[in-house]
Amino acid sequence: MRNTRTTLTRRAAVAAASVTAALVLAACGSDGSGHGGGHDSASSAPSATSSSSAGADAAAGAHNDQDVAFAQGMIPHHRQALEMAGLAAGRASSAQVKDLAARVEKAQDPEIKTMTGWLRSWGQEAPSGAGSMPGMDHSGQGGTSGGHDMPGMMDGKDMDRLEKASGADFDTMFLTLMIEHHEGAVQMAATQKEKGAYGPAKAMADDIVTGQSAEIAEMKKLLGQG
């Protein structure tokens, strides 16, 4: 009888130990596979993402001082063209002039937004408002390429005259001033194509040269010069 009880006690102890061991192993397995696996996948994903972002940032950051000067100069240059074009709807008598002004607005407004984005991504100041940049000289219609001077920009007197004109007088004055303005933009864009480093800015400069050169020819034809 004593032997039988001893045997039963031993069996019960062995069974209890087996259950305990099984529970411990199950808990360890669950913790290792669940938490460990999740941690590994989470840590590897940011590494790949940051690597990809770093590559994109490096490509986007390939710019030089000329790229910055181009964007900072062309933004106010474009803004003045938009200001001029905005007058055409209510003052021009020629449907062709109104159409040209609408195309100027459609082309140049998005370019202003794009160049502003470039400057911010480069940590550079973007010109704000319609005012001129500090140090910019508007006294000469032809302008110069040095410093912040921008060729083709109108001075305040020209803008006042354009705002007061209407009908055929407005058409003639608008076309004459916009030709000079476009010629200045083409000059600035040609410099960017030659000396710039940032691919998208050089591509925009190429578009400006092509598009505004065609508009210059169109405007000269409207004035009877082409």
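## Points about the overall build of the protein chain
No. 1: A tally of regular secondary structure across the protein chain gives six helices and zero strands.
No. 2: Going from N to C terminus, the protein chain has its helices and strands arranged as α-α-α-α-α-α.
No. 3: Every one of the 226 residues in the protein chain was classed for burial, and the buried ones make up 33%.
No. 4: Put simply, of all contacts in the protein chain between residues at least 6 apart along the chain, 72% involve residues at least 24 apart.

## Comments concerning the packing of aromatic side chains
No. 1: Overall, the coordinates contain four aromatic pairs when judged by the stated rule.
No. 2: Pairing W122 with Y198 gives two aromatic rings, centres 5.1 Å apart and planes at 90°, and the pair type is edge-to-face. Taken as a pair, W122 in the loop between α3 (95–121) and α4 (156–164) and Y198 in the loop between α5 (167–195) and α6 (199–222) lie far apart in primary sequence, 76 residues in all.
No. 3: Note on W122: relative accessible area 11%, which makes it buried.
No. 4: A residue is classified by how much of its surface remains accessible, and Y198, at 9% relative accessible area, is buried.

## With respect to the packing of α3 against α6
No. 1: α6 packs onto α3 with a crossing angle of 165° between their chain directions and a minimal axis gap of 12 Å. The orientation of α3 with respect to α6, classified from their angle, is roughly antiparallel. By crossing handedness, the relation of α3 to α6 is classed as left-handed. Of the residues in α6, those touching α3 at Q96, L100, R103, V104, Q108, E111, T114, M115 and W118 are P200, A201, M204, I208, Q212, E215, E218, M219 and L222.

## Describing the confidence of the model for the protein chain
Note that predicted coordinates carrying low pLDDT should not be read in detail.
No. 1: On average, residues of the protein chain score 77 in pLDDT, and 63% of them reach the 70 mark or higher.
No. 2: Segment residues 12–57: pLDDT under 50, and three contacts once partners within four positions in sequence are set aside and those in other chains are kept.
No. 3: Counted against residues more than four places away or in other chains, residues 130–148, with its pLDDT under 50, gives 37 contacts.

## A word on the pattern of salt bridges
When charged atoms on two side chains of opposite charge get close, those side chains can pair.
No. 1: As enumerated under the stated definition, the model contains six salt bridges in all.
No. 2: For R103, the salt bridge is made with D99, and the minimal N-O distance between the two is 3.0 Å. Here R103 pairs with D99, and both are found in helix α3, just four residues apart, close to one helical turn.
No. 3: D99 gets classed as partly exposed once you look at its relative accessible area, which sits at 42%.
No. 4: A salt bridge links D158 to R161; its shortest N-O distance comes to 2.8 Å. One end of the pair is D158 and the other is R161, both in helix α4 and three residues apart, which spans about a single turn.
No. 5: Beyond isolated ion pairs, a larger network of salt bridges with shared partners links D99, R103 and E218.

## Quick look at the packing of helix α2 (residues 65–91) against α6
No. 1: Where α2 meets α6, the axes come as close as 11 Å, and the angle between the chain directions of the two elements is 40°. On the basis of their axis angle, the class for α2 and α6 is oblique. Regarding α2 and α6, the two cross each other, and that crossing is left-handed. Seen from α2, the contacting residues are D67, F70, M74 and H78; seen from α6, they are A201, M204, A205, I208 and Q212.
No. 2: A breakdown of the residues in the contact of α2 with α6 according to their chemical character gives six nonpolar, two polar and one charged.

## Examining α2
No. 1: Between its first and last C-alpha atoms α2 spans 40 Å; for 27 residues at 1.5 Å apiece the expected length is 39 Å, and the two agree.
No. 2: In terms of residue burial, α2 counts as a mostly covered element, since 20 of its 27 residues are buried.
No. 3: Here α2 starts with a cap whose side-chain oxygen sits 3.1 Å from the backbone nitrogen of Q66, and that cap is N64.

## Brief notes about the nonpolar core
No. 1: F70, M84, M115, L162, F170 and F174 are the most contacted members of the largest nonpolar core, which totals 47 residues.
No. 2: Among the elements of the structure, α2, α3, α4, α5 and α6 are those that each provide at least two residues to this core.
No. 3: Not counting residues up to four positions away in its chain, the partners in contact with F70 are M115, M188, A189, Q192, A201, M204, A205 and I208.

Definitions and limits used
Residues numbered from 1 in each chain as written. Predicted model: local features only at pLDDT ≥ 70, side-chain atom pairs only at ≥ 80, totals over all residues. Heavy atoms only, no water. Helix = DSSP H or I, 4+ residues; strand = E, 2+ residues; numbered from the N terminus. Buried < 20%, exposed > 50% of the residue type's maximum accessible area, 1.4 Å probe, protein only. Contact = heavy atoms within 4.5 Å. Phe/Tyr/Trp six-rings, centres within 6.5 Å; stacked < 30°, edge-to-face > 60°. Axes fitted to C-alpha atoms, helices over the stretch in contact; angles between N-to-C directions. Parallel < 35°, antiparallel > 145°, perpendicular 65-115°, else oblique. Left-handed = near helix turned anticlockwise from the far one by under 90°. pLDDT = per-residue confidence, 0-100. Salt bridge = Lys/Arg side-chain N within 4 Å of Asp/Glu carboxyl O. Nonpolar A, V, L, I, M, F, W, Y, C, P; charged D, E, K, R; others polar. Expected span 1.5 Å × (residues − 1). Polar contact = N/O pair within 3.5 Å; in protein donor to acceptor, adjacent residues only side chain to side chain. Core = buried A, V, L, I, M, F, W, Y, C linked by side-chain atoms within 4.5 Å.

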